[in-house]
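Here is what each chain is made of, one letter per residue.
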Amino acid sequence: MHQSVLLQEVVDGLDVKSHDVVVDGTLGSAGHASELAKKLSNEGFLIGIDQDIDALKRGKENLESCEAKVELIKGNFRDVDTLLKEIGIDEVNKILLDLGMSSNQIEESGRGFSFKKEEPLLMTLRDDVDEETLTARRIVNEWREDQIETVLRGYGEEKHSRKIAKAIVERREVSPIETTTELVKVIEDSVPKFYKWKRIHPATKTFQALRIAVNDEIDALSEGLERAYRLLKPNGRIAVISFHSTEDRIVKRFFREVKERDGGVILTKKPIVPSEDEIEKNPRARSAKLRIFEKHD
Ligand SMILES: C[S@@+](CC[C@H](N)C(=O)[O-])C[C@H]1O[C@@H](n2cnc3c(N)ncnc32)[C@H](O)[C@@H]1O
């Protein structure tokens, strides 16, 4: 089961009032959303967005006892303004983005997000996958070596990106890389031996990078931030939890630019990070960073 990261910090930071319209753009199992919803009265409104229908089902269950009006939408938060317009909303008070995938998706989707399982190399949650769909399988078998290297370095900050990209291209000349296990073996065989004894598995960064590329997560974040910000009422707040430095840099820059452009307050001069205790209970939290911005009044 997915454990929500920086839960209390998000609740404190967003400071939801009873009549607020709150958007969770990455609903997942609604761990954050259900806590935020506790602050809402029956005059409040909680809107949950997720691209994954199974996540929405889990989220719905968790929101059953909620007093406020709830609306759940399947879609990408990069289109948040259009999605909300369709339900007649053009202004909101609070927005949360808790980026990436949930533990449920990584462990149970059967789509190749986990290097610990033997699964096809999809790494997309789309339900209409065909030959044209971008998948991790297509990246590792069709993209040029330098393109693969750029993905691994840029989105995974993988120190051994060059070695791994080279090994992938050599291996696919023998036969296509079809499964997670095949890709893990290529990675393990290409990195220095000591890398295997590090705290994280040697395939962690490559898998993260491929997932980000397949789902166009960086552009989705940049677009989603701008559109979400525009939806905020004066004094509205947006909170973003990111899990790697490329995402965090985008959020940090965005808040700084908006402050210069329109005013507003960066409520987190430094990002809020999980306590040692949280990381011990939930190792997935180790790289989390929370930043919060309040729109000008
Ligand atoms: C880390 S989980 C959220 C967990 C949630 N905060 C909780 O506490 O249960 C991220 C969720 O966001 C969804 N997601 C990621 N990128 C998305 C996007 N661009 N648009 C919509 N949903 C997205 C994923 O499908 C996943 O369910």
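Nothing here was measured: the structure is a model prediction, and the numbers come from that model.

## Focus: helix H1 (residues 7–14)
Among all positions of H1, only Val10, Val11, Gly13 and Leu14 are buried. Looking at the packing, one finds that the buried side of H1 touches helix H2 (31–37), strand S4 (92–98), strand S5 (232–242) and strand S7 (289–294). Two residues or fewer past H1, aspartate 15 is found with a positive phi of approximately 50 degrees.

## Topic: the domain arrangement of the protein chain
According to the domain assignment, the protein chain contains domain 1 (7–104 + 217–294) and domain 2 (126–214). Spacing between the C-alpha centres of domain 1 and domain 2 amounts to 30 Å. Taken residue by residue, the interface counts 10 residues in domain 1 and 10 residues in domain 2. On inspection of domain 1 and its partner domain 2, the count reaches 2 salt bridges. Put simply, domain 1 and domain 2 have 4 residue pairs in polar contact (both at pLDDT 80 or more) between them. Only helix H11 (217–231) and helix H12 (245–262) provide two or more residues apiece to the side of domain 1 that touches domain 2. Ranked by residue count, the leading element in the side of domain 1 that touches domain 2 is H12, at 3 residues. When its residues are assigned to classes, the side of domain 1 that touches domain 2 shows 2 nonpolar, 4 polar and 4 charged.

## Let's talk about the packing of aromatic side chains
All told, the structure shown has 5 aromatic pairs when counted by the stated rule. The interplanar angle of 55 degrees and the centroid separation of 6.2 Å between the aromatic rings of phenylalanine 254 and phenylalanine 255 together place this pair among those described as tilted. Summarising the burial analysis for this pair, phenylalanine 254 and phenylalanine 255 share the class buried. Through a chain of ring-to-ring contacts, three or more aromatic side chains come together here, namely Tyr229, Phe254, Phe255 and Phe293. Across from the ring centre of phenylalanine 45, 4.5 Å away, lies the NZ or CZ of lysine 69, which sits over that ring. If you follow arginine 284 out to its NZ or CZ, it ends over the ring of phenylalanine 243, 4.6 Å from the centre.

Cut-offs applied
- Residues numbered from 1 in each chain as written.
- Predicted model: local features only at pLDDT ≥ 70, side-chain atom pairs only at ≥ 80, totals over all residues.
- Heavy atoms only, no water.
- Buried < 20%, exposed > 50% of the residue type's maximum accessible area, 1.4 Å probe, protein only.
- Helix = DSSP H or I, 4+ residues; strand = E, 2+ residues; numbered from the N terminus.
- Contact = heavy atoms within 4.5 Å.
- Domains from an automatic or database assignment.
- Salt bridge = Lys/Arg side-chain N within 4 Å of Asp/Glu carboxyl O.
- Polar contact = N/O pair within 3.5 Å; in protein donor to acceptor, adjacent residues only side chain to side chain.
- Nonpolar A, V, L, I, M, F, W, Y, C, P; charged D, E, K, R; others polar.
- Phe/Tyr/Trp six-rings, centres within 6.5 Å; stacked < 30°, edge-to-face > 60°.
- Lys NZ or Arg CZ within 6 Å of the ring centre and 35° of its normal.

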